[in-house]
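For reference, the chains in residue letters:
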Amino acid sequence: MDQPASPLEDIRARIAHAARLAGREPEQVELVAVSKTHPPERIAPLIAQGQRVFGENRVQEAQAKWPALREAHPDVKLHLVGQLQSNKAEDAAALFDCIHSLDRPSLAAALGKAMEKAGRRVPCFVQVNIGAEEQKGGCALAEVPALLALAREAGIPVIGLMCVPPAAAEPAPFFALLAKIAADNGLAGLSMGMSDDFETAVMLGATHVRVGSALFGARGANRA
Ligand SMILES: *Cc1c(COP(=O)(O)O)cnc(C)c1O
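*Asks:* Go over the nonpolar core with me, naming the residues and quoting the values.
*Replies:* As a rule of thumb, nonpolar side chains are buried together in soluble globular proteins. The biggest cluster of nonpolar side chains holds 63 residues, and the ones touching the most others in it are F54, L102 and L111. When residues of this core are assigned to their parent elements, the largest contribution, 6 residues, is made by helix α5 (residues 105-118). Those residues in contact with F54 that lie beyond four places of it in its chain are V32, A33, S35, I43, L46, I47, W66, V76, K77, L78, H79 and F216.

*Asks:* Go over the pairing of strand β5 (residues 124-128), please, and point to the residues and values.
*Replies:* Look at any regular strand and the pattern is simple: side chains alternate between the two faces of the sheet. Judged by how many residues are buried, β5 sits mostly within the fold: 5 of 5 residues are covered. Burial along β5 is two-sided: C124, V126 and V128 and F125 and Q127, pointing in opposite directions, are all buried. In the sheet, strand β4 (residues 98-102) pairs with β5 via 2 bridges, with the strands oriented parallel. Counted as the bridge partner of I99 is C124 from β5.

*Asks:* With reference to specific residues and values, describe the site of the ligand.
*Replies:* Close to the ligand lie V34, K36, V81, M162, M194, S195, R210, V211, G212, S213 and R219, which account for all nearby residues. Between an oxygen atom of the ligand and a side-chain N or O atom of S195, the distance comes to 2.5 Å. In the environment of the ligand, an oxygen atom lies 2.8 Å from a nitrogen or oxygen atom belonging to the side chain of R219. Calculation on the ligand without its partners gives an accessible area of 390 Å², and the protein chains cover 87% of this total. Here the ligand is seated within the largest pocket. Tallied by class, the residues present in the shell around the ligand amount to 5 nonpolar, 3 polar and 3 charged.

*Asks:* So what's going on with helix α3 (residues 59-72)? Which residues, and what values?
*Replies:* Since the α-helix packs 3.6 residues into each turn, any two residues three or four apart lie on the same face. For α3, spanning 14 residues, the distance from its first C-alpha to its last is 20 Å, which sits close to the expected 20 Å at 1.5 Å a residue. Where α3 bends most, the angle comes to about 45°, and this point is W66, followed within four residues by the proline P67. Buried residues of α3: V59, E61, A62, K65, W66, L69 and R70, and no others. Structurally, α3 contributes buried residues whose contacts are with α2 (40-48), β2 (53-56), β3 (77-80) and α4 (89-95).

*Asks:* Go over the pairing of strand β8 (residues 208-211), please, and point to the residues and values.
*Replies:* Burial along β8 is two-sided: the residues H208 and R210 and V209 and V211 are all buried. In the sheet, strand β1 (residues 30-34) pairs with β8 via 4 bridges, with the strands oriented parallel. Along β8, the bridge assignment pairs E30 with H208.

*Asks:* Go over helix α1 (residues 7-21), please, and point to the residues and values.
*Replies:* The end-to-end C-alpha distance of α1 is 21 Å, a good match for the 21 Å that 15 residues give at a rise of 1.5 Å each. For α1, every residue scored as buried is listed here: L8, I11, I15, A16, A18 and A19. Each buried residue of α1 sits inside an arc of 165° when the element is viewed along its axis, so together they form one side. Turned more than 90 degrees away from the buried face of α1 sit R20 and L21, all of them exposed. Buried residues along α1 sit in contact with β1, α2, α8 (198-203), β8 and α9 (213-216). A positive phi of about 75° marks G23, the residue just after α1.

*Asks:* Give me unusual backbone geometry: which residues, what numbers.
*Replies:* In most cases, non-glycine residues show a negative phi, while peptide bonds are predominantly trans. Not every positive phi belongs to a glycine, and T37 is a case in point at roughly 75°. Assignment of secondary structure puts T37 in the loop between β1 and α2. The class for T37 is partly exposed, based on a relative accessible area of 40%. Not every positive phi belongs to a glycine, and Q135 is a case in point at roughly 65°.

*Asks:* Provide a residue-level description of the packing of aromatic side chains, including the pertinent values.
*Replies:* In the structure shown here, the tally under the stated rule is 1 aromatic pair. Between F54 and W66 the ring centres are 5.1 Å apart and the planes differ by 45°, which places this aromatic pair in the tilted class. Residue F54 is found in strand β2, and its partner W66 is found in helix α3; the two are separated by 12 residues along the sequence. Under the relative-accessibility criterion, F54 is labelled buried at 0%.

*Asks:* Give a description of the layout of surface pockets that names residues and reports values.
*Replies:* Put simply, the largest pocket is a space of about 560 Å³. In terms of lining residues, the largest pocket is bounded by 24 residues, among which K36, V164, M194, R210 and R219 are the most central. Class assignment for the residues of the lining of the largest pocket results in 10 nonpolar, 8 polar and 6 charged.

Rules used in this analysis
- Residue indices begin from 1 for each chain and proceed along its sequence in written order.
- Owing to the predicted nature of the model, reporting of local features is limited to residues with pLDDT of at least 70; listing and counting of side-chain atom pairs is limited to 80 or more, with chain, interface and lining totals taken over all residues.
- Neither water nor hydrogens contribute to the side-chain values; these are computed over all heavy atoms in the structure.
- Each nonpolar core is a collection of buried residues, namely Ala, Val, Leu, Ile, Met, Phe, Trp, Tyr and Cys, held together in the definition by side-chain atoms within 4.5 Å.
- Only protein chains enter the accessibility calculation, which uses a 1.4 Å probe; a residue is then buried when its area is under 20% of its type maximum, exposed when over 50%, and partly exposed in between.
- Only DSSP runs of H or I covering at least 4 residues are called helices, and only runs of E covering at least 2 are called strands; the numbering of each starts at the N terminus.
- In this description, contact between two residues means that some pair of their heavy atoms is separated by no more than 4.5 Å.
- For two strands to be treated as a pair, DSSP must find no fewer than two bridges joining them.
- Only heavy atoms are used to decide nearness, and a residue is near a molecule or strand if one of them lies within 4 Å of it.
- Contacts described as polar in this section are N or O atom pairs within 3.5 Å, which, within protein, must combine one atom able to donate a hydrogen with one able to accept it, while residues neighboring in sequence count only if both atoms come from side chains.
- Where accessible areas are quoted, they stem from the Shrake-Rupley method and a 1.4 Å probe; at the residue level, only the protein chains shown are allowed to cover.
- Points on a 1 Å grid, built from protein atoms alone, make a cavity when a 1.4 Å probe fits but cannot get out and make a pocket when they are open with protein on both sides within 12 Å along at least 5 of 7 lines; residues with an atom within 4 Å of a point are the lining residues.
- Just a note on the criterion: a molecule sits in a pocket or cavity if more than half of its atoms are within 2 Å of the grid points.
- Classification used: nonpolar for Ala, Val, Leu, Ile, Met, Phe, Trp, Tyr, Cys and Pro, charged for Asp, Glu, Lys and Arg, polar for all others including Gly.
- The span expected for a helix works out to 1.5 Å for each residue beyond the first.
- Axes are fitted to the seven residues ending at a residue and to the seven starting at it; the angle between these axes is taken as the bend at that residue.
- Working definition: the arc comes from the directions between the helix axis and the C-beta atoms, pointing outward to the latter.
- Note on aromatic contacts: the rings of Phe and Tyr and the six-membered ring of Trp form a pair at centre separations within 6.5 Å, being stacked when their planes are under 30 degrees apart, edge-to-face when over 60 apart, and tilted otherwise.
- Grid points are joined across faces, edges and corners, and a volume is the space filled by probe spheres set on the points.

Have a look at this one:
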């Protein structure tokens, strides 16, 4: 039996396997390594192993951690995977290479202005509240077309849809639904799948999987 040399190799192999099962190429899936809560000492080894795309969920934490890491590795890309407050839009537009959490008209307006000011058009995913859960981030299903139109008017390059399915539910139907809404709206990108369900997401068309604990270990267990 082949033992994977590292969690990163293991995840990459599992993504490739799921992609091939679905008749897709492994290169069609971007692994976003979600490094939130983990210190630079835990991130550097992944960069050394060749990982180049990372995800954070808080603007302030990313501002504290990433400038030094990126100075050493200018080809690293940083994605925002967590909810974004409109008053942090300028910081986010300056720092991130991709934003997965555009979910409301007020944020589209703020991000449009922020991108103009920063002089960079940051690709965004529109986050959909795919399980229609109270208290969960994401745009309601019925409001996706209107939000897409607003985002385009604001000059935001929207590259796809993103979702986090309800925690206790079987994720596949939600991934399939997100893929259908994306196709209906002419969007190619699908940010879906986390540590527990990324293979399912890849089989259902994910172009970006956001994997944290399967790569870094449980959050809050940093000193291992
Ligand atoms: C934390 C987080 C992830 C990664 O979760 P894991 O279960 O640790 O893989 C993915 N997406 C979002 C939006 C997150 O906040």
